[in-house]
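# Descriptive structure summary
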Amino acid sequence: MDAAASMIEKAILANPTYAEAYNNLGVLYRDAGSITLSVQAYERCLQIDPDSRNAGQNRLLALNYIDEGSDDKLYDAHREWGKRFMKLYAQYTSWDNPKVADRPLVIGYVSPDFFTHSVSYFVEAPLTHHDYTNCKVVVYSGVVKADAKTLRFKDKVLKKGGVWRDIYGIDEKKVATLVREDKVDILVELTGHTANNKLGTMACCPAPIQVTWIGYPNTTGLPAIDYRITDSLADSPNTNQKHVEELVRLPESFLCYTPSPEAGPVCPTPAISNGFITFGSFNNLAKITPKVMQVWARILCAVPNSRLVVKCKPFCCDSIRQKFLSTLEELGLESLRVDLLPLIHLNHDHMQAYSLMDISLDTFPYAGTTTTCESLYMGVPCVTMAGSVHAHNVGVSLLTKVGLGRLVAKTEDEYVSLALGLASDVSALEELRKSLRELMIKSPVCDGESFTRGLESAYRSMWHRYCDGDSPALRRLEVLAGEDLDKTAVKHADLKAQRANATAEEDNQSPIKKVDATSKGGEPQIMVNHVSSPEGNQALVTAKAQPQMMVNGVSSPHSPSGRCEANGHSSR
């Protein structure tokens with residue numbers, strides 16, 4: 001990572017207007033846990049190239065790591081991005097799907113993450129348990145490199161009578177055409193603003209109902225998406241957090257976890273053989289904010305001889321390891337009590353690494369999701385903290401539904417107290433560890449059949465509303481169209497006033513020869529965008545006279561960086 005940062009900085013020195021270099025620098029800062037620097041880098045990229053899809057979406061994702069919901073700034077950022085993005089695509093506003101309330105529905109799932117990825121552990125339940133007689137499933141897989149899990153998912157869907165379409169490398173507008181040809185009734189995107197997303201397809205409105213679920217902890221900001229799936233604990237009914245989409249709350253958790261068959265057995269509580277308590281976290285470094293480190297240091301300093309184990313990919317870099325340890329030392333925790341582990345490639349080995357910890361410590365304000373489920377499945381209790389936004393409350397939903405609501409804190413002091421309480425009774429930790437996997441498997445968090453019935457019921461309710469003429473996305477698009485018309489009218493009025501003022505000024509000046517309709521020896525003037533050609537026989541082009549390139553299937557002015565960008569993540 002140090003070498004990559006050095007190369008990017010050299011590129012910027014050589015060309016300070018190289019926009020994509022700032023985006024890539026932002027990705028490095030994010031991976032290193034420096035979110036403020038990351039956001040600044042993305043914003044510098046956007047100053048140079050306001051149309052950079054990479055930087056625009058990366059910035060939104062990064063802001064989730066530090067947003068505590070005290071204001072609407074993050075919502076406003078998503079909404080403004082969505083309005084700007086929608087203008088790059090033409091929208092379908094009518095569909096041939098028969099409005100028959102109780103007929104079998106065609107459900108489409110679009111994602112690049114149908115492989116061994118965090119999202120895959122939560123989408124497996126519906127792919128497995130859908131009633132394929134009443135829900136024809138069509139998967140649009142944008143997987144870059146398929147693995148064994150991809151093939152297993154594909155085989156499962158096809159054997160049940162579903163359809164699997166590999167769409168990697170296909171233009172987003174063409175994917176929208178496929179969705180329309182497949183007569184999809186409800187299209188569900190599972191990525192949000194994370195890498196390789198297909199929000200361009202969603203912006204085309206190829207399906208009469210469009211939904212976002214799982215892959216992103218906030219609104220997409222896209223007015224083309226009707227609904228966002230959640231639950232009453234992750235997003236309480238009285239939440240102040242705003243979303244462009246309408247929230248649909250499932251009856252239990254909005255997540256259903258399918259454990260990895262490679263996980264292996266639950267190991268004994270390490271404190272029994274070690275003689276000391278080990279706290280741990282396998283969340284990514286961007287989630288471990290300075291505030292989180294302060295709270296963790298308080299806990300470790302209050303438990304004599306306790307240790308902290310943290311695993312994440314950037315710890316393969318010496319400078320990042322040293323920075324992390326130095327920060328903890330400044331907070332009073334000796335570096336000798338901290339073990340930092342890099343990425344573990346084999347899933348079995350990754351899951352067995354939970355045997356190193358007695359108690360899992362969740363992050364905030366962006367809580368863990370897959371890591372929390374893995375921790376519980378491997379018998380390790382997790383302490384989490386509730387907040388005012390969805391990203392903060394995912395752990396609240398998971399722990400409550402597993403039966404561990406007592407481990408949900410409302411304040412930092414309570415978080416510390418809960419961790420200390422668990423650490424004070426090793427025998428109770430051992431008993432909980434022995435029973436936690438079975439407790440989780442029997443909970444709604446792992447009940448794929450019941451979860452999918454609830455999900456299908458939500459889909460059916462959305463469909464009934466559509467059949468009754470209720471379409472949240474269409475209403476939003478009509479409002480936006482009205483706002484655009486109002487802005488256009490204001491612009492025309494301003495232009496008319498400017499022309500009137502200019503005419504009045506001309507009348508007050510000394511008389512000059514006027515030529516009607518022609519000038520320069522009687523040659524006709526060419527009018528483009530109400531501006532006359534400086535030379536009557538010269539052609540004018542609208543917008544900017546610069547080459548066009550295709551970005552995500554949309555023709556746009558050539559970026560100052562001179563590079564085509566991928567979908568929502570850095571080009572490397």
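Keep in mind that this is a model prediction, so the values were computed, not measured.

The rules behind the values
- Residues numbered from 1 in each chain as written.
- Predicted model: local features only at pLDDT ≥ 70, side-chain atom pairs only at ≥ 80, totals over all residues.
- Heavy atoms only, no water.
- Helix = DSSP H or I, 4+ residues; strand = E, 2+ residues; numbered from the N terminus.
- UniProt positions renumbered as here; feature names shortened; annotations may be inferred.
- Pairing = 2+ DSSP bridges.
- Contact = heavy atoms within 4.5 Å.
- Axes fitted to C-alpha atoms, helices over the stretch in contact; angles between N-to-C directions.
- pLDDT = per-residue confidence, 0-100.

It is worth spelling out unusual backbone geometry at this point. Here Phe 364 and Pro 365 are connected by a cis peptide whose omega angle stands at 5°. The residue Pro 365 is located in the loop between strand E11 (359–361) and helix H14 (370–377) in this model. At Asn 196, a position not held by glycine, the phi torsion is positive, near 65°. Note that Asn 196 resides in the loop between strand E4 (186–189) and helix H9 (199–203). In this structure, Cys 205 is a non-glycine residue whose phi angle is positive, near 55°. Note that Cys 205 resides in the loop between H9 and strand E5 (209–212).

Attention now moves to the UniProt feature "repeat: TPR" (unreviewed entry) in the chain. Taking the numbering used here, the UniProt-annotated feature "repeat: TPR" (unreviewed entry) corresponds to residues 19–52. In residues 19–52, helix accounts for 79% and strand for 0%; the two terminal C-alpha atoms are 8 Å from one another.

Quick look at the sheet that holds strand E13 (residues 408–409) now. Pairing within the open sheet is parallel, and its six strands lie in the order E10-E9-E8-E11-E12-E13. Each edge of the sheet is formed by a strand with only one pairing partner; in this case those strands are strand E10 (338–341) and E13. With four bridges connecting them, strand E9 (residues 307–311) and E10 associate as parallel partners. When the sheet's bridge partners are listed, Lys 311 is paired in E10 with Leu 341. Each of E9 and E10 touches helix H12 (residues 318–330); the most contacted strand, E10, lies at about 155° to it. Running over the sheet, helix H15 (residues 390–402) touches strand E12 (382–385) and E13 and is turned about 135° from E12.

With that settled, the discussion passes to the sheet that holds strand E3 (residues 163–166). In space, the seven strands of this open sheet follow the order E3-E2-E1-E4-E5-E6-E7, with parallel pairing throughout. The sheet is open, and its two borders are formed by E3 and strand E7 (246–250), each paired with just one other strand. Averaged over all adjacent pairs, the angle separating strand axes in this sheet is 25°, with direction ignored. When E5 meets strand E6 (residues 227–231), the two strands line up parallel, connected through two bridges. The residue bridging Thr 212 from the neighbouring strand is Arg 228, located in E6.

Okay, the confidence of the model for the chain next. When pLDDT is averaged across the chain, the result is 89; 85% of the residues are at 70 or more. Across residues 510–572, where pLDDT falls below 50, the model places 108 contacts with residues more than four positions away in sequence or in other chains.

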